[in-house]
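# Understanding the architecture of this molecule
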Amino acid sequence: MRIALIQMMVTADKRQNIETACGKIREAAQHGADMAVLPEMFCCPYQNDCFRPYGEEENGPAQTVLSALAAELGIYIVGGSIPELAAGNVYNTSFVYDRRGRRIARHRKVHLFDIDVAGGQRFRESDTLSPGNEITTFETEFGTCGLCICFDLRFEELARCMCLQGAKVLFVPAAFNMTTGPAHWELLFRQRAVDNQCFTVGVSPARDETAGYVAYGNSIAVDPWGTVLCRAGAEDTILCTDLDLTRIDDVRAQLPILSARRTDLYEVRER
């Protein structure tokens, strides 16, 4: 399965962001990508005061364009994430479209990014956003894939649930910042890949030092052994890489982690 990680610059112009994303998806398709993956909040500045104004309801402009483009190009599109408006709430939501342009998944970010790191980043998504309540997987001809957004990846239980539901690849539109990115970005993607013996794919916006929220970049793909297959820097770029899904069975046969779990011991009684 050939995937394209689209690390794009996000501006204050929603229409321009959508046009940029579409141009890069077309370029990815020309390079034989089966699936193109956009970053978190690809059409919206990552700021609380932007989420509702840039938001859209079901079948809004960004969703409509990505659906049509998936059908036109005959590829899967993991549509990064957008602010989704529903029932008076705003969600950080990722939509996935298949080769015929049908929506096959919707993931509303489950764990909201509320942090206050001493001497570093402070941000509270919950000031504006509402959390989702679903574990998200979707089916392709390559097998089952999992989907979560940014801060979700920090929660091993969520990743494990997706893999127990059959996910071979975990797709993670994300926007780590210049505090959490250098510390934890590669570590988390390699850790989740090794823990669950699956592929992990993280796609970030390109770094804009003038933005109110500066994304780390460094979009990445990791195999089930924890090997980094590709990794960007801070720049606007497209990375294409091939995922050999037979690698999953090979690794699981060598290290029987999932099959050797002792679930009879794992019930947690919190104090």
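Before any of the text, the structure's been laid out above.
For clarity, every value in this text was computed on a predicted model and none was experimentally measured. (Residues numbered from 1 in each chain as written. Predicted model: local features only at pLDDT ≥ 70, side-chain atom pairs only at ≥ 80, totals over all residues. Heavy atoms only, no water.)

### Some words on the environment of Arg15
Within the element layout of this structure, Arg15 appears in helix H1 (residues 14-30). Classification of Arg15 by relative accessible area gives exposed; the value is 64%. Separated by 46 residues in sequence, Arg15 and Pro61 have C-alpha atoms that sit 9.0 Å apart. (Helix = DSSP H or I, 4+ residues; strand = E, 2+ residues; numbered from the N terminus. Buried < 20%, exposed > 50% of the residue type's maximum accessible area, 1.4 Å probe, protein only.)

### Let's talk about the side chain of His107
One can find His107 in strand E6 (residues 103-108). Overall, His107 belongs to the buried group, its relative accessible area being 0%. At 2.7 Å, the side chain of His107 forms a polar contact with the side chain of Thr136. Setting aside chain neighbours within four positions, we find His107 in contact with Asn92, Thr93, Ser94, Glu134, Thr136, Leu147, Cys148, Ile149 and Asp152. (Polar contact = N/O pair within 3.5 Å; in protein donor to acceptor, adjacent residues only side chain to side chain. Contact = heavy atoms within 4.5 Å.)

### Looking at helix H3 (residues 61-73)
With 13 residues, H3 extends 18 Å between its outermost C-alpha atoms, agreeing within 8% with the 18 Å of an ideal straight helix rising 1.5 Å per residue. Three or more residues of H3 are buried, namely Ala62, Gln63, Leu66, Ser67, Leu69 and Ala70. Buried residues along H3 cover an arc of 165 degrees about the axis, so they all sit on one side. Tucked inside the fold, the buried residues of H3 contact H1, strand E3 (76-78), strand E4 (82-86) and strand E5 (89-97). Among the residues trailing H3, Gly74 stands out with phi positive, at a value near 70 degrees. (Expected span 1.5 Å × (residues − 1). Arc of directions from axis to C-beta.)

### Points about the sheet that holds strand E9 (residues 136-140)
Sheet strands associate in pairs through backbone hydrogen bonding, adopting either a parallel or an antiparallel arrangement. Sheet architecture is open: six strands sit in the order E9-E10-E11-E12-E13-E14, paired in mixed fashion. Strands with a single pairing partner mark the edges of an open sheet, and in this sheet they are E9 and strand E14 (228-231). Between one strand and the next, the sheet's axes are offset by a mean angle of 15 degrees, whatever the strand orientation. Note that strand E12 (residues 199-203) and strand E13 (residues 220-222) share three bridges and pair antiparallel. What sits directly across from Thr200, in E13, is Val222. On the sheet, helix H5 (residues 180-196) packs against strand E11 (169-173), E12, E13 and E14 and is oriented at approximately 155 degrees with respect to E12. (Pairing = 2+ DSSP bridges. Axes fitted to C-alpha atoms, helices over the stretch in contact; angles between N-to-C directions.)

### Things to note about the packing of H1 against H3
Packing of H1 against H3 leaves a shortest axis separation of 11 Å and a crossing angle of 15 degrees. Compared by their axis directions, H1 and H3 come out roughly parallel. Crossing handedness for the pair H1 and H3: right-handed. In this structure, H1 contributes Lys14, Ile18, Cys22, Ile25, Arg26 and Ala29 to the contact, and H3 contributes Pro61, Ala62, Val65, Leu66, Leu69, Glu72 and Leu73. (Parallel < 35°, antiparallel > 145°, perpendicular 65-115°, else oblique. Left-handed = near helix turned anticlockwise from the far one by under 90°.)

### Observations concerning the environment of Cys150
Structurally, Cys150 can be placed in the loop between strand E10 (143-147) and helix H4 (156-164). Counting along the chain gives 21 residues from Cys150 to Phe171, while the straight-line C-alpha distance between them is 9.8 Å.

### What about the environment of Val201?
The residue Val201 is located in strand E12 in this model. By relative accessible area, which is 0% here, Val201 ends up buried. In this structure the C-alpha to C-alpha distance between Val201 and Pro173, which are 28 residues apart in sequence, comes to 8.2 Å.

### Here we look at unusual backbone geometry
Of note in this structure, Asn59 is not a glycine but carries a positive phi near 65 degrees. By secondary structure assignment, the location of Asn59 is in the loop between helix H2 (48-54) and H3. Relative accessible area serves as the criterion here: at 59%, Asn59 is assigned to the exposed category. The residue Ala87 is not glycine, and still its phi comes out positive at about 55 degrees. Note on placement: Ala87 falls in the loop between E4 and E5. Among the residues examined, Ala87 registers a relative accessible area of 81% and is labelled exposed.

### A word on the packing of aromatic side chains
Under the definition given, this model contains six aromatic pairs. Their ring planes at 85 degrees and their centres at 5.5 Å tell us that Phe151 and Phe155 sit as a pair that is edge-to-face. Take Phe151: its relative accessible area is 14%, and that puts it in the buried class. The exposure class assigned to Phe155 is partly exposed, which follows from its relative accessible area of 27%. With a centroid separation of 4.8 Å and an interplanar angle of 55 degrees, the aromatic rings of Trp185 and Phe189 are classed as tilted. Here the residue Trp185 and the residue Phe189 both occupy positions in helix H5, the gap between them amounting to four residues, near one helical turn. Relative accessible area serves as the criterion here: at 0%, Trp185 is assigned to the buried category. (Phe/Tyr/Trp six-rings, centres within 6.5 Å; stacked < 30°, edge-to-face > 60°.)

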